[in-house]
Amino acid sequence: QVQLVESGGGSVQTGASLRLSCAASGRTFTMGWFRQAPGKERELVASITRSLVATYYVDSVKGRFTISRDNANNTVYLQMNSVKPEDAAVYYCAARLGRYSNPLTYDYWGQGTQVTVSS
């Protein structure tokens, strides 16, 4: 069992920056950040493999968000720059312990952290 604890959410103004952190209690393979806004489906925002070789970003955040990880501390980060009102959502950290054909399949989830963006 791997526990994920997110931190770093909060309220920011449009154009500001925010960094989310997620600490895992054990070793993980790929880690990702999802988000879900009210009335919308959960979407994968970014992911990164343990090897740091492969990363993924949803088109809407490319060039603004950066995912990174510290394997020594089992922590993944999401640096959010130039945030927009449409980035407002509950952000969830997720981790997978293996390779799955479905890129949206994750084994463990954090409790979520709220990001609010005011214009």
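Let us look at the structure shown here. None of these values were measured; they are calculated from a predicted model.

### Considering the overall build of the chain
Okay, so step 1: When its secondary structure is counted, the chain shows zero helices and eleven strands.
Okay, so step 2: For the chain, the α and β elements follow one another from N to C terminus as β-β-β-β-β-β-β-β-β-β-β.
Okay, so step 3: Here the chain has a C-alpha radius of gyration of 13 Å; the compact-globule value for 119 residues is 14 Å, and the two agree.
Okay, so step 4: Counting only C-alpha atoms, the chain reaches 40 × 25 × 25 Å along its principal axes.
Okay, so step 5: By the burial criterion, 45% of the 119 residues in the chain qualify as buried.
Okay, so step 6: Within the chain, contacts between residues separated by at least 24 positions form 54% of all contacts whose residues are at least 6 apart in sequence.
Okay, so step 7: Each charge class in the chain was averaged separately, 12 positive and 8 negative side chains, and the resulting centres sit 6 Å apart.

### What to know about the pattern of salt bridges
Okay, so step 1: All told, the structure shown has four salt bridges when counted by the stated rule.
Okay, so step 2: The salt bridge partner of Glu-43 is Arg-35, with a shortest N-O separation of 2.7 Å.
Okay, so step 3: Exposure remark for Glu-43: the relative accessible area of 28% places this residue in the partly exposed category.
Okay, so step 4: Look at the salt bridges and you will find they share partners, linking Arg-35, Glu-43, Arg-64 and Asp-87 into a network.

### Side note on the pairing of strand β8 (residues 75-80)
It is a general feature of regular strands that their side chains alternate between the two faces of the sheet.
Okay, so step 1: For β8, the tally of buried residues reaches five of six residues, placing the bulk of the element in the interior.
Okay, so step 2: For strand β3 (residues 18-24) and β8, the ladder comprises six bridges, and the chain directions are antiparallel. From the neighbouring strand, Ser-21 faces β8, where its bridge partner is Tyr-77.
Okay, so step 3: In this structure, strand β7 (residues 65-70) lies alongside β8, joined through six bridges in antiparallel fashion. If you follow Ser-68 over to β8, its bridge partner there is Tyr-77.
Okay, so step 4: Linking β7 back to β8 in an antiparallel pair, the connection comprises four residues, with Asn-74 at a positive phi of about 50°.

### A look at the sheet that holds β7
Okay, so step 1: Here we have four strands laid out as an open sheet, ordered β1-β3-β8-β7, and antiparallel in their pairing. The strands lining the two open edges of the sheet, one partner per strand, are β1 (4-7) and β7. Each strand axis lies, on average, 15° off the axis of its neighbour in the sheet, ignoring direction.
Okay, so step 2: Here β1 runs beside β3; their pairing, made up of four bridges, is antiparallel. Looking across to β3, one finds that Leu-4 is bridged to Ala-24.

Rules of the game
- Residues numbered from 1 in each chain as written.
- Predicted model: local features only at pLDDT ≥ 70, side-chain atom pairs only at ≥ 80, totals over all residues.
- Heavy atoms only, no water.
- Helix = DSSP H or I, 4+ residues; strand = E, 2+ residues; numbered from the N terminus.
- Rg over C-alpha atoms; globule rule 2.2 N^0.38 Å.
- Buried < 20%, exposed > 50% of the residue type's maximum accessible area, 1.4 Å probe, protein only.
- Contact = heavy atoms within 4.5 Å.
- Lys, Arg positive; Asp, Glu negative; His and termini not counted.
- Charge placed at Lys NZ, Arg CZ, Asp CG, Glu CD.
- Salt bridge = Lys/Arg side-chain N within 4 Å of Asp/Glu carboxyl O.
- Pairing = 2+ DSSP bridges.
- Axes fitted to C-alpha atoms, helices over the stretch in contact; angles between N-to-C directions.

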